[in-house]
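# Structure assessment
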Amino acid sequence: MAILNMKRIEVLGLQKDRKNIIEYVQRQGNVQLDEMQYDGDHFGHLQTASQISRLEKYDSTVESALSVLTKYAPAKGGLLDSFAPRPEMAVTEYLEKAKDADETLGICQKINSLYKKIQDDRVEITRAETAIDQVRPWENLDIPSSFRGTQDTKVFIGSIAEPLDREGILQKIVTADPAAVGDAEVVSSDNNQTCLVAICHKDNAKTFEQALRTAGFVPVTDTTKHPPKARIERLEKTIEDYNAEIAEAEAAITAYGEKREDIEFLKDYLKLRSDKYDVLDKVSVDDSVFVLSGYVPEPAAEGLKQRLESKFDVAISLADTDPDDESVPVAVATNGMGKTMENITNMYAVPTHKDVDPNFLMTIFYYGLFGLMLGDAGYGLIMTLLCLFVKFKYKLEPGKRSTVNYGLFCGLGTTFWGAMQNSWFGDLPKWIANGLKSNDPTDFISANHLYWFDPLQNTSRFLLLCFFIGILHLFFANCINLYKMIRNKMAFEGIMEVVPILFILIGVIPVINTYIGGTALAENPATKPIDDLIKSAEPVLYPILIAGAVLVVIGPAFVAIKQKKSIGKILGSVGGGLYGLYNAASGYLGDILSYARLLALGLCTGVIASVINQLAATPGNPILFWFIFLVGHVINLGINLIGAYVHTNRLQYVEFFGKFYEGGGSTFRPLDVNSQSFVFKEEN
């Protein structure tokens, strides 16, 4: 497990083989192409912007179709089925399926068109329902709302914005103008308005209309040529027709569910072509030949060269890269436990070629820290068994295997520390031993003391444990830094800079044990040997602490002497050493104290779990107990999983990486087959 050396690769081939060579390189997935410096009078570049734009448009169409299919014809299988390996596909089979790309794209367009029809019909249904709501108050009106009277009468159809009966309407009219003579009929009334029909003789129409308006009358604006009830029936029929169209379109979309695999293949096919066109503008071409260049990891370089030369008429050169060139991409060779840390490391920063690969080194403490923060053996067993089930059920691909292994190791660490602290879904064994009526410590584990200590009863001891783990973690990080400096030919500087810190970390152990822990270790038979060992080592550890402090002060002077600096700068470096001592004391004290988060999160998980058990037992009903137990512990596990993940990463990023890891490298991004639905199986 190390950071791989990179080789510069250049391939000269015939134009007629360009497509096949680039696609072969893409299937190999181990070459990052970049732009080659070329003779502008001879070579040129391919213009691929229009092709990429067209492919992105097609991809958007396919993505929309898949989204619609997921809604109306969801894929079969559960969450765990996502771990199943992708089917293998030979190149010839891939090329054969690619011939149907246009037909499948047409299906995607039909699906999107059907869905658009559904959306448009739903808008029309909403419009019709809104119209019905507006007409509904006039449903009992047996004449068209556009009716304005007969030869001798004038009819007014409208509303007043308050609840009224016939008498109230007529009184308002008379109050407005006693000369206004006519009649009125209430069509409907609610708290907001009264819908009415008023009638008068034509000779009195102007006076009557003015009185109506004074009373707050507003004529109906949405008039109908037929009685409102007929319009409502027509709108309801329209809604029924639209619903029938929607049902027909939904059935058609559901029927396209059998084309899901073809559509998923099309999405991957478009992605492969888009990735290929994205790098084609970096390829130098003329009328007869082309040149591509890039980086390939050294272990894969010679094999790739031989395979290309055996399949195509090409000339290939491999050259070493400059180790000081920061533009050279970084690839890391990891496997096993170290592979599980790649994503964690890359979220912080990609290593440089001068860095030590931190992935495997992180695992030495990472899973223990995670387990101590989550700290419940029951939760750890669930994680462990679930991950083991997935591992044995499926033949996992490398990326998915790393994810499952990450969960497995976190589960094992959690199970170990939970067992050490007698936390099994909180205090569930005690409740079970007492018939769900009490949590007195009469269960088998507690009665036989099959655990190390109870953190709730021994908080000071737990805190000391966290500090000691923190010291070991920081000590290990500084050892890595010392190795890194020796490897980079800075052995003397490394000794002067790092060894004093190591002395301080060792020498501070009895200080923490005495002034923070007090008698926490001595008062318990299980931890008294640790206290005895520390106290017996005090005559050695205190001088080591003093020696470390002295070396921090004078170490920069020795480095200055080695570098043959002037007397003034040598004396000045001593002053810098005094400031360095202050920084070391305050900085490392803060670092060590930050490991108290192990105590905080570990107690949080256990206390909440025990409270959930107490709440579950309160009703005194076994069925309710297990229901509350299940719901409560699922929530507790979910919340504290996030907390353990975040704070474990925080300890790695700030306390651990801060001592030796620089990062800032350029990520190795090879031209690869980014497929979700299949993997290539190369043919001979």
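Residues numbered from 1 in each chain as written. Predicted model: local features only at pLDDT ≥ 70, side-chain atom pairs only at ≥ 80, totals over all residues. Heavy atoms only, no water.

Counting secondary structure elements, the protein contains 22 helices and 16 strands. Taken over C-alpha atoms, the radius of gyration comes to 39 Å for the protein, far larger than the 26 Å a tight globule of 684 residues would show. Projected onto its principal axes, the C-alpha coordinates of the protein cover approximately 120 × 85 × 60 Å. The buried share among the 684 residues of the protein stands at 45%. The contacts of the protein with a sequence gap of at least 6 include a subset with a gap of at least 24, amounting to 83%. (Helix = DSSP H or I, 4+ residues; strand = E, 2+ residues; numbered from the N terminus. Rg over C-alpha atoms; globule rule 2.2 N^0.38 Å. Buried < 20%, exposed > 50% of the residue type's maximum accessible area, 1.4 Å probe, protein only. Contact = heavy atoms within 4.5 Å.)

Moving on: the domain arrangement of the protein. Split by domain assignment, the protein resolves into domain 1 (1-42 + 285-333), domain 2 (147-222), domain 3 (336-451 + 606-662) and domain 4 (458-594). Here the C-alpha centre of domain 4 lies 31 Å away from the C-alpha centre of domain 3. On the domain 4 side, the residues contacting the 19 residues of domain 3 number 19 residues. Taking both partners together, domain 3 and domain 4 bury about 1700 Å²; carbon and sulfur atoms supply 71% of that area. Taken together, the links from domain 3 to domain 4 amount to 3 salt bridges. Linking Asp-355 and Lys-484 is a salt bridge whose minimum nitrogen-to-oxygen distance equals 3.1 Å. Across the contact surface, domain 3 and domain 4 share 8 residue pairs in polar contact (both at pLDDT 80 or more). At the level of secondary structure, the elements contributing two or more residues to the side of domain 3 that touches domain 4 comprise helix H11 (359-374) and helix H22 (622-656). (Domains from an automatic or database assignment. Buried area = accessible area lost by both parts, 1.4 Å probe. Salt bridge = Lys/Arg side-chain N within 4 Å of Asp/Glu carboxyl O. Polar contact = N/O pair within 3.5 Å; in protein donor to acceptor, adjacent residues only side chain to side chain.)

With that settled, the discussion passes to the packing of aromatic side chains. Taken as a whole and assessed by the stated rule, the structure comprises 32 aromatic pairs. Ring geometry for Tyr-379 against Phe-425: centres 5.8 Å apart, planes inclined by 75°, an arrangement best described as edge-to-face. Separated by 46 residues along the polypeptide, Tyr-379 in helix H12 (residues 377-393) and Phe-425 in the loop between helix H13 (398-420) and helix H14 (428-433) bring together distant segments of the chain. Each of the two residues, Tyr-379 as well as Phe-425, counts as buried. (Phe/Tyr/Trp six-rings, centres within 6.5 Å; stacked < 30°, edge-to-face > 60°.)

With that settled, the discussion passes to unusual backbone geometry. Although it is not a glycine, Leu-436 adopts a positive phi angle of roughly 65°. With respect to the helices and strands, Leu-436 occurs in the loop between H14 and helix H15 (444-447). Residues other than glycine seldom take positive phi values, yet Lys-489 does so here, at roughly 65°. Take Lys-489: it is sitting in the loop between helix H16 (459-487) and helix H17 (491-507). Of the residues examined, Lys-489 reaches a relative accessible area of 76% and is grouped as exposed.

Here we come to the pattern of salt bridges. All told, the structure shown has 32 salt bridges when counted by the stated rule. For the salt bridge of Glu-655 with Arg-650, the shortest nitrogen-to-oxygen distance reads 2.6 Å. Its relative accessible area of 29% is what places Arg-650 among the partly exposed residues. Among the ionic contacts, a cluster of salt bridges with common partners joins Lys-7, Glu-298 and Asp-320.

Quick look at the nonpolar core now. In terms of nonpolar packing, the biggest core is built from 65 residues, with Tyr-366, Tyr-406, Phe-462, Ile-512, Ile-592, Leu-598 and Phe-625 touching the most fellow members. In terms of residue count, H16 provides more of this core than any other element does, 11 residues in total. Formed jointly, this core draws a minimum of three residues from each of two domains, domain 3 (336-451 + 606-662) and domain 4 (458-594). By size, the runner-up hydrophobic cluster in this structure holds 64 residues, among which are Ile-22, Leu-33, Tyr-115 and Phe-680. (Core = buried A, V, L, I, M, F, W, Y, C linked by side-chain atoms within 4.5 Å.)

Residue pairs three or four apart in sequence face the same way in an α-helix, which turns once every 3.6 residues. Here H12 spans 24 Å end to end across 17 residues, near enough to the 24 Å set by a 1.5 Å rise per residue. The set of residues buried in H12 consists of Ala-377, Gly-378, Tyr-379, Gly-380, Met-383, Thr-384, Cys-387 and Val-390. Here the buried face of H12 lies against H11, H13, helix H21 (596-617) and H22. Here H12 starts with a cap whose side-chain oxygen sits 2.9 Å from the backbone nitrogen of Gly-378, and that cap is Asp-376. (Expected span 1.5 Å × (residues − 1).)

Below, the discussion takes up the sheet that holds strand S7 (residues 183-189). Spatially, S7-S8-S6-S9 is the arrangement adopted by the 4 strands of the open sheet, whose pairing is antiparallel. The sheet terminates laterally at S7 and strand S9 (217-219), the two strands that pair on one side only. For this sheet the average axis-to-axis angle between neighbouring strands, irrespective of direction, equals 35°. Pairing between strand S6 (residues 153-160) and S9: 3 bridges, direction antiparallel. Bridge assignment links Ser-159 to a residue of S9, and that residue is Val-218. Against the sheet, helix H5 (residues 166-176) makes contact with S7 and strand S8 (194-201), and its axis sits at roughly 130° relative to S7, the strand it touches most. Together, S6, S7, S8 and S9 form the strand contacts of helix H6 (residues 205-214), whose direction differs from that of S8 by roughly 160°. (Pairing = 2+ DSSP bridges. Axes fitted to C-alpha atoms, helices over the stretch in contact; angles between N-to-C directions.)

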